[in-house]
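Residue strings, one per chain:
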Amino acid sequence: MTDLKYLRGYPESLLQQVRQLIAEDRLGDYLARRYPGRHEVQSDKALYGYVQGLKQDYLKSAPPIDKVLYDNRLDLTHRALGLHTAVSRVQGGKLKAKKEIRVAALFREAAPEFLKMIVVHELAHLRESEHNRAFYKLCEHMLPGYGQIEFDLRLFLHWRELSDR
C-alpha cells in the first residue's frame, strides 16, 4: 500500500482512486492532461510583479509587500512551498516591519495554476494568519477552484517524489 503523505486527511475512497492511478502508472498522464502549460514567471523580478498584480486585484488595502523571490532552500523538508514573513528592523527610533513572500524554486517549472495557488495562499495570509474558514474562503475568492488545485498540487508533489526514485 502506497503512503500518500501529502494527502493525509482526505477520504479513503479518494485515496484509493489515487493509489489506482499510481499502480497503473497514470498519475503523470492525469497531471499532464489537466495542467499542460508552463508559466513565464521565471525571475524574482517577474515573480514580484506577478504577486503585486494579484495583490492589487484582490487585496488593495493589505500591507505592502517589500520582497518577493524564489527560494532554493524552501522545499518539502521544510514542510513549506511558500512562506510569508515579516522581518522587523530598527530604522532610527522606529521599528519597521517588512513583508516578504518566498516561493519554493520548484514552482519555476510548475504549471501556472500551481504557482498561482501558492501565491494566493501566501497573499491570503496577509489578511488571515490562521488556516481557518475565512482563510480558505479568501483563497477561493482569489482563485476559483482553489481546493481542487491544492489537491492536484499534492498529487503533483507525490508524483515528483515517485519520479525521483
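Residues numbered from 1 in each chain as written. Predicted model: local features only at pLDDT ≥ 70, side-chain atom pairs only at ≥ 80, totals over all residues. Heavy atoms only, no water.

### Looking at the packing of aromatic side chains
Okay, so step 1: Taken as a whole and assessed by the stated rule, the structure comprises 6 aromatic pairs.
Okay, so step 2: Aromatic side chains Phe135 and Tyr136 sit 5.1 Å apart centroid to centroid with 90° between the ring planes, which places their arrangement in the edge-to-face category.
Okay, so step 3: On the basis of relative accessibility, which here comes to 0%, the residue Phe135 falls in the buried class.
Okay, so step 4: By relative accessible area, which is 32% here, Tyr136 ends up partly exposed. (Phe/Tyr/Trp six-rings, centres within 6.5 Å; stacked < 30°, edge-to-face > 60°. Buried < 20%, exposed > 50% of the residue type's maximum accessible area, 1.4 Å probe, protein only.)

### Remarks on the pattern of salt bridges
Okay, so step 1: Evaluated as defined, the whole model comprises 9 salt bridges.
Okay, so step 2: A salt bridge links Glu12 to Arg19, with the nearest nitrogen and oxygen atoms 2.8 Å apart.
Okay, so step 3: Since its relative accessible area comes to 46%, Glu12 is described here as partly exposed.
Okay, so step 4: For Arg102, the salt bridge identified is with Glu100, shortest N-O distance 3.2 Å. Assigned by exposure class, Arg102 and Glu100 land together as buried.
Okay, so step 5: What you see here is one network of salt bridges that share partners, running through Asp71, Arg73, Glu100 and Arg102. (Salt bridge = Lys/Arg side-chain N within 4 Å of Asp/Glu carboxyl O.)

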